[in-house]
Amino acid sequence: MDKNLLTKLAVESKKASYSPYSNFKVGAALLTKDGKIFTGANIENAAYTPSNCAERTAVFKAVSEGYREFEAIAIAGGFSDETADYCYPCGVCRQVLNEFVNADEFIVLIAKTAEDFKEYKLSQLLPFGFGPNDLR
């Protein structure tokens with residue numbers, strides 16, 4: 001896995017953000033286990049609650065095209081085109097990711113730039129997550 005490519009695509013995906021209310025742009029790049037990358041950007045709505053995060057946009061694009069196994073995601077966010085501090089996924093996005101991955105193996109890259117990022121396992125960001133195995 002090329003972590004710098006994944007973080008670069010996350011940073012670039014911020015350009016597709018539709019964020020006229022917060023002006024906070026988030027991009028994500030999701031890597032499938034077979035090497036395909038799906039990107040996403042946050043999409044806001046005047047009513048706020050129908051808004052969608054970049055991470056979920058990427059996941060939903062991938063799942064809607066039949067992909068269900070993922071290796072990693074990179075996330076980058078900030079106001080306009082500025083570099084922000086590290087932008088972590090919200091709880092809803094962590095839960096959506098947990099639906100499709102092994103949280104102890106799935107890699108989450110939190111990027112300021114393509115070269116400056118932190119790496120976590122999803123289980124570190126969502127301890128005691130509730131997933132499909134809890135319903136078996």
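Residues numbered from 1 in each chain as written. Predicted model: local features only at pLDDT ≥ 70, side-chain atom pairs only at ≥ 80, totals over all residues. Heavy atoms only, no water.

Draft legend 1. Looking closely at unusual backbone geometry. In this structure, Y48 takes a positive phi of about 65° despite not being glycine. For Y48, the position within the fold is in the loop between β2 (37-41) and α2 (54-64). Take Y48: its relative accessible area is 57%, and that puts it in the exposed class. We note that F128 has phi near 60°; this positive angle belongs to a residue other than glycine. Examined against the element boundaries, F128 turns out to sit in the segment after α4 (122-125). Under the relative-accessibility criterion, F128 is labelled exposed at 86%. (Helix = DSSP H or I, 4+ residues; strand = E, 2+ residues; numbered from the N terminus. Buried < 20%, exposed > 50% of the residue type's maximum accessible area, 1.4 Å probe, protein only.)

Draft legend 2. Broad picture of the nonpolar core. Core analysis: the largest hydrophobic core is formed by 25 residues, its most contacted members being L30, F70, I73, L97, F106, V108 and L122. When contributions to this core are tallied by element, the ones reaching two or more residues are β1 (24-32), α2, β3 (70-79), α3 (91-100), β4 (107-111) and α4. Among the elements that take part in this core, α2 stands out by supplying five residues, more than any other. Sequence-distant contacts of L122, that is, excluding residues within four places in its chain, are made with R94, L97, N98, V101, A103, F106 and V108. Judged by nonpolar contacts, the second largest core, of ten residues, contains L6, A10, A29 and A72. (Core = buried A, V, L, I, M, F, W, Y, C linked by side-chain atoms within 4.5 Å. Contact = heavy atoms within 4.5 Å.)

Draft legend 3. Up close: the packing of aromatic side chains. Taken as a whole, this structure holds five aromatic pairs when the rule is applied. Stacked on the ring of F38, the Lys or Arg K36 has its end atom at 5.1 Å from the ring centre. (Phe/Tyr/Trp six-rings, centres within 6.5 Å; stacked < 30°, edge-to-face > 60°. Lys NZ or Arg CZ within 6 Å of the ring centre and 35° of its normal.)

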